[in-house]
Amino acid sequence: MATQGQVITCKAAVAWEPNKPLVIEDVQVDPPQAGEVRIKILYTALCHTDAYTWGGKDPEGLFPCILGHEAAGIVESVGESVTEVQPGDHVIPCYQAECRECKFCKSGKTNLCGKVRAATGVGIMMNDRKSRFSVNGKPIYHFMGTSTFSQYTVVHDVSVAKIDPKAPLEKVCLLGCGVPTGLGAVWNTAKVEAGSIVAIFGLGTVGLAVAEGAKSAGASRIIGIDIDSNKFDIAKNFGVTEFINPKDHDKPIQQVIVDLTDGGVDYSFECIGNVSIMRSALECCHKGWGTSVIVGVAASGQEISTRPFQLVTGRVWKGTAFGGFKSRSQVPWLVDKYLKKEIKVDEYITHNLNLGEINKAFDLMHERGCLRCVLSTDI
Ligand SMILES: NC(=O)C1=CN([C@@H]2O[C@H](COP(=O)(O)OP(=O)(O)OC[C@H]3O[C@@H](n4cnc5c(N)ncnc54)[C@H](O)[C@@H]3O)[C@@H](O)[C@H]2O)C=CC1
Ligand SMILES: N[C@@H](CCC(=O)N[C@@H](CSC=O)C(=O)NCC(=O)O)C(=O)O
Ligand SMILES: [Zn+2]
Ligand SMILES: [Zn+2]
């Protein structure tokens with residue numbers, strides 16, 4: 001039955017309130033308006049940022065909402081003036097848009113895009129400043145402009161990357177967030193050179209992707225730091241050469257690293273979202289040139305601090321969103337790299353469940369051995 005132009009009723013996981021189990025609801029999904037695309041989501045993974053917003057830590061978190069931002073699917077229908085995708089295209093929704101026209105996109109200095117950010121930050125679509133989701137007439141907010149914990153979602157056309165239909169959607173859904181973020185933090189934001197010494201704080205999917213990026217950039221030493229010692233065995237497969245568990249040391253972790261590296265590392269990456277570790281990550285950098293990249297997302301109200309002397313003496317503090325990748329242009333390129341076996345993806349997937357088991361998937365995020373859990377939306 002043709003669904004184009006019709007409201008679709010489908011299953012979605014609704015977060016009615018922070019920290020309360022998500023509820024699988026029959027959700028009404030409106031047709032796409034001008035500049036919008038309705039996507040049948042086939043696979044979606046969970047990222048730590050979903051847990052962060054669900055946990056009430058996100059200053060932009062609005063409830064009720066449909067979370068989820070690391071997914072892949074097939075275009076069901078498009079609104080007026082959409083030219084770059086059509087029904088049947090295989091796509092990855094991108095929380096970081098790329099309109100190619102705004103001040104940000106044209107700057108050549110950033111992957112951030114200003115076109116729809118004001119709407120996606122408040123859970124609505126730009127065209128009429130309303131949501132396309134409802135349950136029995138009650139509007140449900142969008143999340144990050146993607147809302148992939150649903151069998152169907154509506155996104156802005158500037159937030160859709162068209163990919164090679166040969167790519168397995170159950171794998172490449174990961175290229176919607178965590179893996180590109182880690183790789184890009186190294187390749188685009190830090191621009192790590194061959195021979196560099198790198199420290200990575202937090203060896204989840206994002207930190208492991210940093211390790212993979214650093215290895216491919218030719219880093220000579222890749223030091224992984226995690227409070228879970230089981231992470232080292234996994235991390236070796238992604239390029240980590242040395243492991244430090246801060247719990248095994250009395251000295252501040254930055255001092256331990258400075259002592260181990262003749263004055264500090266060339267590059268460090270914070271992949272946890274902990275502001276005190278962000279300070280350690282900066283202060284373990286070498287005087288004169290060490291650069292620290294903040295990747296982790298810290299809770300509302302949290303602030304970073306250090307002695308300004310750390311920066312006066314040449315250390316550089318940076319941050320990255322989606323690893324600096326331009327989403328619509330570069331996600332298809334990352335998919336191609338995966339198909340050519342130039343980047344890992346499968347190795348980050350430790351669990352597979354379906355959308356109906358989403359609360360179990362959130363629980364798994366706190367368990368040892370869990371990197372990414374991919375949900376099939378086929379309940
Ligand atoms: N900037 C961006 O564009 C993006 C940021 N993120 C953020 O990156 C962070 C990491 O995400 P995931 O890898 O999915 O998370 P994760 O929870 O899988 O990994 C975090 C790792 O940090 C370790 N850890 C926790 N506390 C620690 C401590 N005090 N010292 C050392 N290690 C510690 C944990 O054992 C775990 O291995 C999150 O804050 C997430 O929100 C995620 C994607 C994109
Ligand atoms: N709403 C949050 C923003 C958290 C954040 O920094 N998000 C990252 C992506 S995290 C993906 O898993 C990002 O891309 N930020 C840039 C942006 O425009 O949002 C908060 O306010 O803390
Ligand atoms: Zn994410
Ligand atoms: Zn733009």
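Identification of the protein as S-(hydroxymethyl)glutathione dehydrogenase from Quillaja saponaria is taken from an unreviewed UniProt entry. Here the protein is described in UniProt, under the heading Sequence similarities (unreviewed entry), as follows: "Belongs to the zinc-containing alcohol dehydrogenase family. Class-III subfamily." Among the UniProt annotations of the protein, the heading Subcellular location (unreviewed entry) holds the following wording: "Cytoplasm".

A separate point is the site of ligand 1. Not every one of the 26 residues close to ligand 1 is listed here, only the nearest: Thr49, Asp226, Lys231, Thr320 and Phe322. A distance of 2.8 Å separates a nitrogen atom of ligand 1 from a polar atom in the backbone of Thr320. Mapped by element, the contributors of at least two residues to the shell around ligand 1 are helix 1 (48–54) and helix 6 (205–216). In the shell around ligand 1, the residues fall into 14 nonpolar, nine polar and three charged.

What follows is about the coordination of the zinc ion (ligand 3). The reference angle at a metal is 109.5 degrees if four donors form a tetrahedron and 90 or 180 degrees if six donors form an octahedron. The coordination sphere of the zinc ion (ligand 3), as far as protein atoms go, consists of Cys47 (SG), His69 (NE2) and Cys177 (SG), spread over 2.0 to 2.3 Å. Of note is the zinc ion (ligand 3), whose four donor atoms meet at the metal with angles of 96 to 128° in an arrangement that counts as tetrahedral. Mapping the donors of the zinc ion (ligand 3) onto the primary sequence yields the spacing C-x21-H-x107-C. A residue pair is termed long-range when its members are at least 10 positions apart, and Cys47 in the loop between strand 3 (36–45) and helix 1 and His69 in the loop between helix 1 and strand 4 (70–78) qualify at 22 residues.

So, about the state of the cysteines. Under the definition given, this model contains zero disulfides. For Cys173, which is in no disulfide, the shortest distance to another cysteine sulfur is to Cys373 and amounts to 10 Å. We note that Cys370 lacks a disulfide partner, and the nearest cysteine sulfur, in Cys373, lies 6.1 Å from it. Judged by relative accessible area, which is 8%, Cys370 ranks as buried.

Turning next to the sheet that holds strand 13 (residues 267–270). Ordered by their spatial adjacency, six strands build an open sheet running 12-11-10-13-14-15, and the pairing between neighbours is parallel. The open sheet has two edge strands with one neighbour each: strand 12 (242–244) and strand 15 (316–319). Looking at each pair of strands side by side, their axes are set apart by 20° on average, direction ignored. Two strands pair when backbone bridges link them, and strand 13 and strand 14 (residues 291–294) are joined in this way by four bridges, in the parallel orientation. Bridge pairing links Tyr267 to Thr291 in strand 14.

It is worth spelling out the site of ligand 2 at this point. Lining the immediate environment of ligand 2, one finds 14 residues, of which Thr49, Tyr52, Asp58, Glu60 and Arg117 sit closest. Taking Thr49, its side chain carries an N or O atom lying 2.6 Å from an oxygen atom of ligand 2. In the model, an oxygen atom of ligand 2 is placed 3.1 Å from a nitrogen or oxygen of the His69 side chain. Taking 530 Å² as the accessible area of ligand 2 by itself, protein coverage stands at 73%. The residue inventory of the shell around ligand 2, partitioned by class, reads eight nonpolar, three polar and three charged.

This brings us to helix 8 (residues 253–260). Those residues of helix 8 not exposed but buried are Ile253, Gln254, Val256, Ile257 and Val258. Buried-residue contacts for helix 8 involve strand 10 (197–201), strand 11 (221–225), strand 12 and helix 9 (275–283). The positive-phi residue at the C-terminal boundary of helix 8 is Asp262, with phi of around 55°.

Here we take up the UniProt feature "domain: Alcohol dehydrogenase-like C-terminal" (unreviewed entry) in the protein. Mapped onto this numbering, the UniProt entry annotates "domain: Alcohol dehydrogenase-like C-terminal" (unreviewed entry) at residues 206–335. Across residues 206–335 one finds 37% helix and 15% strand; the C-alpha atoms that close the span lie 17 Å apart.

Thresholds applied
- Residues numbered from 1 in each chain as written.
- Chains lettered and ligands numbered in written order.
- Predicted model: local features only at pLDDT ≥ 70, side-chain atom pairs only at ≥ 80, totals over all residues.
- Heavy atoms only, no water.
- UniProt positions renumbered as here; feature names shortened; annotations may be inferred.
- Near = heavy atom within 4 Å.
- Polar contact = N/O pair within 3.5 Å; in protein donor to acceptor, adjacent residues only side chain to side chain.
- Helix = DSSP H or I, 4+ residues; strand = E, 2+ residues; numbered from the N terminus.
- Nonpolar A, V, L, I, M, F, W, Y, C, P; charged D, E, K, R; others polar.
- Donors = N, O, S within 2.8 Å, 3.2 Å for Na, K, Ca; no water.
- Tetrahedral: all angles 85-135°; square planar, octahedral: opposite > 155°, others 65-115°.
- Disulfide = S-S within 2.5 Å.
- Buried < 20%, exposed > 50% of the residue type's maximum accessible area, 1.4 Å probe, protein only.
- Pairing = 2+ DSSP bridges.
- Axes fitted to C-alpha atoms, helices over the stretch in contact; angles between N-to-C directions.
- Areas by Shrake-Rupley, 256 points an atom, 1.4 Å probe, with all protein chains shown as cover.
- Contact = heavy atoms within 4.5 Å.

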